[in-house]
Structure formats: C-alpha cells, structure tokens
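Descriptive structure summary
What follows is the residue order along each chain.
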Amino acid sequence: ATIWRNSVWNSVYFMLMATLRPRVAAATNAETNAVVRTASTLSVGFVCGTLATCFNNPFDVIKSRLQAELKAGNSRGDASVFGRLRDVWRAEGVRGLYAGFAAKALRMGLGGAVGMAAFEGAADVHVAAARDAERAPVLEGELPAARVRRGGVGVHVHVVRPREVERRGNCCLS
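Summary of the structure given here. (Residues numbered from 1 in each chain as written. Predicted model: local features only at pLDDT ≥ 70, side-chain atom pairs only at ≥ 80, totals over all residues. Heavy atoms only, no water.)

Examining the overall build of the protein
Scanning the protein from terminus to terminus reveals five helices and zero strands. The order of helices and strands in the protein, counted from the N terminus, is α-α-α-α-α. Counting the 174 residues in the protein, one finds 32% classified as buried. Sequence-distant contacts, at least 24 apart, represent 55% of the contacts inside the protein between residues at least 6 apart. (Helix = DSSP H or I, 4+ residues; strand = E, 2+ residues; numbered from the N terminus. Buried < 20%, exposed > 50% of the residue type's maximum accessible area, 1.4 Å probe, protein only. Contact = heavy atoms within 4.5 Å.)

With respect to helix α1 (residues 2-28)
The α-helix winds at 3.6 residues per turn, so residues separated by three or four positions along the chain end up facing the same way. With 27 residues, α1 extends 37 Å from end C-alpha to end C-alpha; this agrees with the ideal 39 Å at 1.5 Å per step. Leu20 marks the point of greatest bend in α1, at about 25°, and the proline Pro22 comes within the next four residues. Here α1 has its buried residues at Arg5, Val8, Trp9, Val12, Tyr13, Leu16, Met17 and Ala25. Note on α1: the residue one or two positions beyond its end, Asn29, has a positive phi of about 50°. (Expected span 1.5 Å × (residues − 1). Bend = angle between axes of the 7 residues up to and from the residue.)

A word on the packing of aromatic side chains
For the structure on display, the rule yields six aromatic pairs. The interplanar angle of 10° and the centroid separation of 5.7 Å between the aromatic rings of Trp4 and Phe59 together place this pair among those described as stacked. Highlighted residues: Trp4 in helix α1 and Phe59 in helix α2 (residues 34-72), separated in sequence by 55 residues. Residue class for Trp4 comes out partly exposed when judged on its relative accessible area of 40%. Judged by relative accessible area, Phe59 falls into the buried class, the value being 10%. (Phe/Tyr/Trp six-rings, centres within 6.5 Å; stacked < 30°, edge-to-face > 60°.)

Describing the environment of Ala99
Tracing the backbone through its elements, the reader meets Ala99 in the loop between α3 (81-97) and α4 (101-135). Residue Ala99 is classed as partly exposed on the basis of its relative accessible area of 41%. In the structure, Ala99 is positioned 42 residues away from Asn57 in sequence and 8.0 Å away in space, judged by C-alpha atoms. In this structure Ala99 touches Asn57 and Val61, once residues within four positions along its chain are discounted.

Comments concerning the nonpolar core
Side chains of a nonpolar character, in soluble globular proteins, are inclined to be buried together. In this structure, Tyr13, Met17, Cys48 and Leu85 are the most contacted members of the largest nonpolar core, which totals 17 residues. Residue assignment for this core shows that the elements contributing at least two residues are α1, α2, α3 and α4. Among the elements that take part in this core, α1 stands out by supplying six residues, more than any other. Each residue touching Cys48, except ones within four places of it in the same chain, is listed here: Tyr13, Leu16, Met17 and Leu20. (Core = buried A, V, L, I, M, F, W, Y, C linked by side-chain atoms within 4.5 Å.)

What to know about the layout of surface pockets
Within this model, the largest pocket holds a volume of roughly 160 Å³. Forming the walls of the largest pocket are Ala30, Glu31, Thr32, Asn33, Ala34, Arg37, Thr38, Thr41, Ala117, Glu120, Gly121 and Asp124. Counting residues per element, the ones that place at least two in the lining of the largest pocket are α2 and α4. For the lining of the largest pocket, the residue count by class is three nonpolar, five polar and four charged. (1 Å grid on protein atoms, 1.4 Å probe; cavity = no way out; pocket = protein on both sides within 12 Å on 5 of 7 lines; lining within 4 Å. Points joined across faces, edges and corners; volume = space filled by probe spheres on them. Nonpolar A, V, L, I, M, F, W, Y, C, P; charged D, E, K, R; others polar.)

A short note on the packing of α2 against α3
Relative orientation of the contacting elements α2 and α3 amounts to 110°, with a least axis distance of 10 Å. In terms of orientation, α2 and α3 fall into the roughly perpendicular class. Residues Asn57, Pro58, Phe59, Val61, Ile62, Arg65, Leu66 and Glu69 of α2 lie in contact with α3, whose contacting residues are Val81, Phe82, Arg84, Leu85, Val88, Glu92, Gly96 and Leu97. Among the residues forming the contact of α2 with α3, the class breakdown is 10 nonpolar, two polar and four charged. (Axes fitted to C-alpha atoms, helices over the stretch in contact; angles between N-to-C directions. Parallel < 35°, antiparallel > 145°, perpendicular 65-115°, else oblique.)

Structure, rendered in structure tokens:
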C-alpha cells in the first residue's frame, strides 16, 4: 500500500510540475525576477501537491487501515490493496476513500510547495557556484579540478598545487 501511495503521488506531482511550472513561469515572466520565480514555484508546487493528493488519498487510507490492523493484531494478510479499495468503496463510498483528505491535502500541498522551492533555491546556488568557478582565473600551477567558488557562503576549498603535492609526498592534504 505504501508503494502505491508514494508512486501515485510522486508520478502525478512531478508530471504536473513538469507541465505547469514552465507555463506559469512564461505567463508571469518568472525567469526575470527571483521573487516572482519563487512565488510562482510555491504556488505551482502547492497546486500540484494538492492535486496529487486527490489521486493518492485512497491508497493512503488503505495503508493507514493496514497499519491499524497490524497494530491491533487482526490483520487480513491475504487481501490485496485493490481488494481493500473495493471493500472500502462498497462499505463507505467516496467518503471512506477520502477520509482525512483536507488535512492531508494541506500538508502535502505545503510540502510540495516548500520542497520544490528549496530544491530550486539550492540548484540556483550550485549553478551560480559552477559559473563562478568556470569564470575564475586559473592560478599558475593550480589543478582545475580543485577550483570551486571562492568566497562562497559556507564553501571552503583547499586549492591543491602540484608543487605542494610533490613537496609533501602525498595527495592527501589537510
């Protein structure tokens, strides 16, 4: 049940993000302004997270019920996930399959928004660092592989020079 729940949510979420985010970014000129881009990502992430929850909530209900049965010690181990979905549908209808939907949709919508905005923010930092490293002048004797953004927040780089390796007699410098 957990595999179905997670697979459905992630499939729908990332498909929607890949479809909606470029369209919203183009409509809002989000690439020209960092604040608009972040607001756009937060908005689209929330909508996609909420919509993905519409598809995976029935699987989440089944997973939660399975966990409760296991905890109580009265598990029906032979029933399939889809058999359990059918049983809930027959006994409780749509309300049974979407029990707890509002709270979960809010949580997953916010999580989808913040998660994607954090990912984009971290990606922007790494892309900027890579661009800075490519533009930085190469010092005489510096190994290009050792160049990383100088002066970055929380980034510490030890530049290894061939003469220093020869002098110390190893490549494991501290």
